[in-house]
Amino acid sequence: MELKEKVEKLLQEAFDENNSLFLIDLMVTPDNQIRVVIDGDKGVSVEDCINVSRKVEHNLDREEEDFSLEVTSAGVSEPLLLPRQFKKNVGRKLQVKTENEQFEGNLIDATETNFKLRWKAREPKPVGKGKVTVEKEAVLEYSAVVEAKVMITF
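Structural notes, computed from the coordinates. (Residues numbered from 1 in each chain as written. Predicted model: local features only at pLDDT ≥ 70, side-chain atom pairs only at ≥ 80, totals over all residues. Heavy atoms only, no water.)

## Things to note about the overall build of the protein chain
Thinking step 1. Along its length, the protein chain carries 3 helices and 8 strands.
Thinking step 2. By the compact-globule yardstick of 15 Å for 154 residues, the protein chain is too spread out, its C-alpha radius of gyration being 20 Å.
Thinking step 3. Its C-alpha atoms put the protein chain at 80 × 30 × 25 Å along the principal axes.
Thinking step 4. Put simply, the protein chain has 154 residues, and 34% of those count as buried. (Helix = DSSP H or I, 4+ residues; strand = E, 2+ residues; numbered from the N terminus. Rg over C-alpha atoms; globule rule 2.2 N^0.38 Å. Buried < 20%, exposed > 50% of the residue type's maximum accessible area, 1.4 Å probe, protein only.)

Laid out in structure tokens, this is it:
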């Protein structure tokens, strides 16, 4: 079995033990540097990273293959990639880029295929001078998203 396959199997076991965690990315370089990026429905603690790291490290034989292992959580500045990440961020403000448009709005719903943003915009009044604030919504398919990031507000 190839090293990447072994790691995938061990990661699945770790996620079965703690089903609030899930895999974002797994990279194995030709010189056996393993980089695992995880996320969790309730966030990821240092303890979670340690447990996943131990699950992988203690079940691989360094005598068979030398390797280095890094387990990290998806950073706050990392883009959202999976529907599960969108679901855990419902209620937060997102910045979303598609091929032709850019949106900033509150994530109000997320399903397996799409998500809904809501925001306020200033538009010209239908009659007369001036502007009026209107509430807008957009339902976007994940496949149309080039990049989606949570906006951090203080």
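## Digging into the packing of helix 1 (residues 3-17) against helix 2 (residues 46-57)
Thinking step 1. Following both chains from N to C, one finds helix 1 and helix 2 inclined at 140 degrees, their axes separated by 9 Å at the closest point. Relative to helix 2, the element helix 1 is oriented oblique. As helix 1 runs across helix 2, the sense of the crossing is right-handed. Taken together, the residues of helix 2 that come into contact with helix 1 (itself represented by Val 7, Leu 10, Leu 11, Glu 13, Ala 14, Phe 15 and Glu 17) are Val 52, Lys 55 and Val 56. (Axes fitted to C-alpha atoms, helices over the stretch in contact; angles between N-to-C directions. Parallel < 35°, antiparallel > 145°, perpendicular 65-115°, else oblique. Left-handed = near helix turned anticlockwise from the far one by under 90°. Contact = heavy atoms within 4.5 Å.)

## Thoughts on the sheet that holds strand 6 (residues 114-124)
Thinking step 1. Strand order in the open sheet made by the 5 strands is 7-6-5-4-8, with antiparallel pairing throughout. Every other strand in the sheet has two partners, leaving strand 7 (131-141) and strand 8 (145-150) as the edge strands with one partner each. Across the sheet, the mean angle from the axis of one strand to that of its neighbour is 35 degrees, orientation sign disregarded.
Thinking step 2. Where strand 5 (residues 102-110) lies against strand 6, 4 bridges are found, and the strand directions are antiparallel. (Pairing = 2+ DSSP bridges.)

## Quick notes on the packing of aromatic side chains
Thinking step 1. The full count for this structure, using the stated rule, is 4 aromatic pairs.
Thinking step 2. Taking the ring centre of Phe 67 as reference, the NZ or CZ of Arg 62 above it sits at 4.1 Å. (Phe/Tyr/Trp six-rings, centres within 6.5 Å; stacked < 30°, edge-to-face > 60°. Lys NZ or Arg CZ within 6 Å of the ring centre and 35° of its normal.)

## Describing the sheet that holds strand 1 (residues 21-28)
Thinking step 1. Pairing is mixed across the open sheet formed by 3 strands, whose spatial order is 1-2-3. Each of the sheet's edge strands pairs with one partner strand only, and the pair in question is strand 1 and strand 3 (68-73). Here the strands of the sheet are splayed against their neighbours by 20 degrees on average, with no regard to which way each runs.
Thinking step 2. Two elements, strand 2 (residues 33-40) and strand 3, share 6 bridges in a ladder whose sense is parallel. Within strand 3, the position partnered with Arg 35 by the bridge is Glu 70.
Thinking step 3. Running over the sheet, helix 1 touches strand 1 and strand 2 and is turned about 165 degrees from strand 1.
Thinking step 4. Packed onto the sheet, helix 2 meets strand 1, strand 2 and strand 3 and runs at close to 150 degrees relative to strand 3.

## Section: a nonpolar patch on the surface
Thinking step 1. Among the surface-exposed residues, Val 76, Ile 152 and Phe 154 lie close enough to one another that they form a single nonpolar patch of about 410 Å² accessible area.
Thinking step 2. Along the chain, the position of Ile 152 falls in the segment after strand 8.
Thinking step 3. For Ile 152, a relative accessible area of 39% translates into the label partly exposed. (Patch = residues over 30% accessible without salt bridge, like charges linked within 9 Å, V, L, I, M, F, W, Y side chains within 5 Å. Areas by Shrake-Rupley, 256 points an atom, 1.4 Å probe, with all protein chains shown as cover. Salt bridge = Lys/Arg side-chain N within 4 Å of Asp/Glu carboxyl O.)

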